[in-house]
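Below are the chains, spelled out letter by letter.
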Amino acid sequence: YTQHEIEKRPHHEIEKRPHHARRDSVSSTGSSGSASTSVKEGGKKLLKDLTKSKTQLSRYQSLHDENCQVAEKRIKTTFARLQQCIADREQKLLEMLSLVRSQGSKLLASRHDNAEKLGLLAESMGSLSENAASDLRADIKHFLSERRIDEELAKMEWFSGSADGLEQEVGQLGKGGV
């Protein structure tokens, strides 16, 4: 039961008849002795039922407490596993990003160094032989044709995760009982 359902349920049903009506309904026929015996026997039965009910309530309370303890352990275990899973995934992604950052930085630094060297050579192109100047022009054209790679590397989005779906899933955990 949910907490709302428990609160809505009456703790016990009490007969709503007036006190004098209950007394009259015990026995309107017969002598006062048999009515007294019938009332005493009815009282003993009610007392016995009440005692049995109290015993059951104690057992239900214990069962309820045990079930809540089990639920608490399950909740803690579930969320500990989720937290570990998230931490492991975060660590893996950070390691991958570190590797990508390092490789990308090395590539761009190397490309920058090549651009510097080609620029210095291009400034002295007039003093180069025709073959050397032709080779330099080919190298510069090839270098410039790879600008697209530099731009793509710079603009690439390295993490495209969204927690929205996961937040909804986590919000649904335990919906059945709690």
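Residues numbered from 1 in each chain as written. Predicted model: local features only at pLDDT ≥ 70, side-chain atom pairs only at ≥ 80, totals over all residues. Heavy atoms only, no water.

Asks: Hey, could you go over the overall build of the protein chain for me, with residue numbers and the actual values?
Replies: Along its length, the protein chain carries six helices and zero strands. If you list the helices and strands of the protein chain from N to C, you get α-α-α-α-α-α. Looking at the protein chain as a whole, 5% of its 178 residues are labelled buried. In the protein chain, 47% of the contacts between residues at least 6 apart in sequence involve partners at least 24 apart. (Helix = DSSP H or I, 4+ residues; strand = E, 2+ residues; numbered from the N terminus. Buried < 20%, exposed > 50% of the residue type's maximum accessible area, 1.4 Å probe, protein only. Contact = heavy atoms within 4.5 Å.)

Asks: Explain the packing of aromatic side chains to me, using residue names and the numbers behind them.
Replies: Within this structure, the stated rule accounts for zero aromatic pairs. Against the face of F143 rests R111, its NZ or CZ located 3.9 Å from the ring centre. (Phe/Tyr/Trp six-rings, centres within 6.5 Å; stacked < 30°, edge-to-face > 60°. Lys NZ or Arg CZ within 6 Å of the ring centre and 35° of its normal.)

Asks: Provide a residue-level description of a nonpolar patch on the surface, including the pertinent values.
Replies: On the surface, a cluster of nonpolar side chains totalling about 310 Å² of accessible area is made up of I75, F79, V170 and L173. Relative to the helices and strands, F79 resides in helix 3 (residues 32–123). (Patch = residues over 30% accessible without salt bridge, like charges linked within 9 Å, V, L, I, M, F, W, Y side chains within 5 Å. Areas by Shrake-Rupley, 256 points an atom, 1.4 Å probe, with all protein chains shown as cover. Salt bridge = Lys/Arg side-chain N within 4 Å of Asp/Glu carboxyl O.)

Asks: Outline the pattern of salt bridges, supporting the account with residue identities and numerical values.
Replies: According to the stated counting rule, one finds seven salt bridges in the structure shown. A salt bridge links K45 to D49, with the nearest nitrogen and oxygen atoms 3.1 Å apart. One end of the pair is K45 and the other is D49, both in helix 3 and four residues apart, which spans about a single turn. The class for K45 is exposed, based on a relative accessible area of 51%. Here E130 makes a salt bridge to R137, at a shortest N to O gap of 3.4 Å. Three or more residues are tied together by salt bridges with common partners; here these are R111, E146 and D150.

Asks: Let's hear about helix 6 (residues 164–172): which residues, and what values?
Replies: For helix 6, the tally of buried residues reaches only zero of nine residues, placing the bulk of the element at the surface. Where helix 6 terminates, the next one or two residues include G174, which has phi positive at roughly 75°.

Asks: Please give an account of the side chain of R111 that cites residues and values.
Replies: Following the sequence through the fold, R111 ends up in helix 3. A distance of 3.0 Å separates the side chain of R111 from the side chain of E146, its partner in a polar contact. Among residues more than four places away in sequence, those in contact with R111 are F143, E146, R147 and D150. (Polar contact = N/O pair within 3.5 Å; in protein donor to acceptor, adjacent residues only side chain to side chain.)

Asks: So, the confidence of the model for the protein chain: which residues are in play, and what are the values?
Replies: Here the protein chain averages 82 in pLDDT, and 78% of its residues register 70 or above. Ranking the elements of the protein chain by mean pLDDT puts helix 2 (residues 19–26) last, at 45, and helix 4 (residues 130–145) first, at 94. Here residues 12–31 is a poorly scored stretch, pLDDT under 50, and it has seven contacts once near neighbours within four places are set aside; other chains count. (pLDDT = per-residue confidence, 0-100.)

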